[in-house]
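Fold and geometry: a report
Listed here are the chains, written in short residue letters.
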Amino acid sequence: MSVCNTCVGNWGWGIIDSSGLRIYHTSQVRQYDAGVLDVGHLVSPVAQLIPPNADSYLQYGECTSDCLTEVMQRAGTSEIKLFSVMLHTHLLGKKIELKHIRNGTELPYLSRENNYDFNYQETRQLSTEVIIKPEDTLQLVCDYKSSGVRSNFTFGGFGTKEEMCLAFLSYYPKIQVSSCLTFPAIHPLITYFGIETYRSPGLRFQGYTLNDYIITSAELNGTSVQTYINSLPWDQARAENMSEALRVIRRHQICLYNGSFAVGVPFSRPAVEIKQRYIEPIQNCTTPVTGMATSAPASTCVVATTPSINNPDLTTSGASHIFFNSFLITLMLITTVLA
């Protein structure tokens, strides 16, 4: 504890600072180490893009069973146990949901934020640990609102006015995997906009933007892809069409094991298919006025069948920012490998 002897702004003199860090240690080593895994959509100014004038634009990123099977086999484990989740977008994010899919069947969601606030991000401790198996796929769905705030496309990046779609998962036992991400394959992404011929800056897209992809067709020759898509008239209907097209588009995936791409994981794969959707159960709600039980749909009376931010038994951790050290190092490794 120290006394501030310098006047800063309107704080004044003699303010007591009681912030600090408390560290615990023990001679009894725990059975397991915990790990942190980032899942979702690769942060990219080429493959991650959000159209303007959209009240709702859904973006999808996955940690596929390809990656989970490979890294668990290498680690010699048949499962990992998830105990906390941090969901993350930037300013356009309004909702986030982390889906749990097993052999094509959607299980109860792992975490959900229906009123996401960039200025209020926390790590959510799950009230019940969730088992993740090699055959599982985790799909992160980020819902963005760009209407009224953006007149051009928003791209993936580290800046606050750029975007991300990520979840940071704490689990045990720790295995040497740091990132499990997907992103749309670049060629079908560009051809979605009706662009058939273009000049690419190189085979590897890291370090480039869509301004570096130049259209070569006669009518648009010399125009960058970014300039062209910004010139199109965007509204909610067109944004929904784009979202659905990118949901089913072919994926590239990033599976980092010991800081390198896991050799057994294919770089390209079809989009994740959910064959059976999860339907939230109906709950009997008791009204405080009459005390009579009434049946209501889950959207009105949410059942806490899985840990989420809506669960009253859920506890939170203030250690949100710890994840970003690991995350930044991981993104540096991805950039190094792809560059």
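1. Observations concerning the state of the cysteines
As enumerated under the stated definition, the model contains three disulfides in all. Through a disulfide, C142 is tied to C165; the S-S separation comes to 2.0 Å. The sign of the 95 degrees torsion about the S-S bond sets the C142-C165 disulfide as right-handed. Here C142, found in strand β10 (residues 136-144), pairs with C165, found in the loop between β11 (154-155) and β12 (166-172); they are 23 residues apart in sequence, far enough to count as distant. Accessibility assignment for this pair places C142 and C165 in one class, buried.

2. Focus on helix α4 (residues 236-247)
Compared with the 16 Å implied by 1.5 Å per residue over 12 residues, the 16 Å span of α4 between its first and last C-alpha is a close match. By the burial criterion, the buried members of α4 are A239, M242, S243 and L246. One side of α4 holds all its buried residues, which, seen down the axis, span an arc of 100 degrees. The distance from a side-chain oxygen at the start of α4 to the backbone nitrogen of A237 is 3.3 Å, and the residue carrying that oxygen is D235.

3. A few points about the side chain of R251
Within the secondary structure layout, R251 lies in strand β16 (residues 251-257). Side-chain polar atoms of R251 contact the side chain of E62, separated by 3.0 Å. In this structure the side chain of R251 is engaged in a polar contact, spanning 2.9 Å, whose partner is the backbone oxygen of L246. With residues near it in sequence (within four places) discarded, R251 still touches Y60, E62, T182, F183, P184, A185, L246, F267, S268, R269, P270 and A271.

Basis of the calculations
- Residues numbered from 1 in each chain as written.
- Predicted model: local features only at pLDDT ≥ 70, side-chain atom pairs only at ≥ 80, totals over all residues.
- Heavy atoms only, no water.
- Disulfide = S-S within 2.5 Å.
- Helix = DSSP H or I, 4+ residues; strand = E, 2+ residues; numbered from the N terminus.
- Buried < 20%, exposed > 50% of the residue type's maximum accessible area, 1.4 Å probe, protein only.
- Expected span 1.5 Å × (residues − 1).
- Arc of directions from axis to C-beta.
- Polar contact = N/O pair within 3.5 Å; in protein donor to acceptor, adjacent residues only side chain to side chain.
- Contact = heavy atoms within 4.5 Å.

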